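Geometric and topological summary
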Amino acid sequence: MIALLLIFSPQVAFEAHDFLPDEPFFSAEAMLSVEDDSIAEVAFEQPEEGRILIEAHKYGETGITVTDGEKIYRYTIVIYDDKGVDRAKIEPVGQP
């Protein structure tokens, strides 16, 4: 059964460049972490502009946390199929 799920599970492999919602600006020392890197890996491209690189691995949802000094920003990233096109959507969860 598990082998069949692995064979017939939709495979996702794409990269996306995006800005975090609400146009935040971070210092160069800001740290970015993702809760479930089996769904997607995320890294800053330009923290000062809030621009990130998303490397998607499978459909699903996971949390992203940015720590910049004493401020913490949380987001949810969703990797999904939009009528045959793989997409990533980022939404804020809460702000300091």
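Here the structure is a predicted model, which is why all the values come from computation and not from measurement.

Attention shifts here to the confidence of the model for the protein. Summarising the model, the protein shows a mean pLDDT of 85, and 85% of its residues fall at 70 or more. Taken as a whole, residues 1-8 scores under 50 in pLDDT and shows one contact with residues more than four places along the chain or in a different chain.

Right, let's talk about the packing of aromatic side chains for a bit. Scanning the model with the defined rule gives two aromatic pairs in all. With centroids separated by 5.6 Å and ring planes inclined at 55°, the aromatic side chains of F26 and F44 adopt a geometry described as tilted. Of this pair, F26 sits in the loop between β1 (14-19) and β2 (31-34) while F44 sits in strand β3 (residues 40-46), and the two are 18 residues apart along the sequence. The class of F26 is buried, set by a relative accessible area of 4%. A centroid spacing of 5.1 Å and a plane angle of 80° characterise the contact between F26 and Y73, whose relative ring orientation is edge-to-face. Pair noted here: F26 is in the loop between β1 and β2 and Y73 is in strand β6 (residues 71-82), with a separation of 47 residues, a long-range link. A network of ring pairs unites the aromatic residues F26, F44 and Y73 as a single cluster. The ring of Y80 is capped by K89, whose NZ or CZ atom sits 5.8 Å from the centre of that ring.

What follows is about the sheet that holds β1. Across the sheet, three strands lie side by side as β1-β4-β3; this open sheet has antiparallel pairing. The sheet terminates laterally at β1 and β3, the two strands that pair on one side only. Neighbour to neighbour, the strand axes of the sheet diverge by 25° on average, direction disregarded. Bridge count between β1 and strand β4 (residues 51-56): six bridges; the pairing is antiparallel. Looking at β4, one finds that E15 is bridged to E55.

Reading the values: the criteria
Residues numbered from 1 in each chain as written. Predicted model: local features only at pLDDT ≥ 70, side-chain atom pairs only at ≥ 80, totals over all residues. Heavy atoms only, no water. pLDDT = per-residue confidence, 0-100. Contact = heavy atoms within 4.5 Å. Phe/Tyr/Trp six-rings, centres within 6.5 Å; stacked < 30°, edge-to-face > 60°. Helix = DSSP H or I, 4+ residues; strand = E, 2+ residues; numbered from the N terminus. Buried < 20%, exposed > 50% of the residue type's maximum accessible area, 1.4 Å probe, protein only. Lys NZ or Arg CZ within 6 Å of the ring centre and 35° of its normal. Pairing = 2+ DSSP bridges. Axes fitted to C-alpha atoms, helices over the stretch in contact; angles between N-to-C directions.

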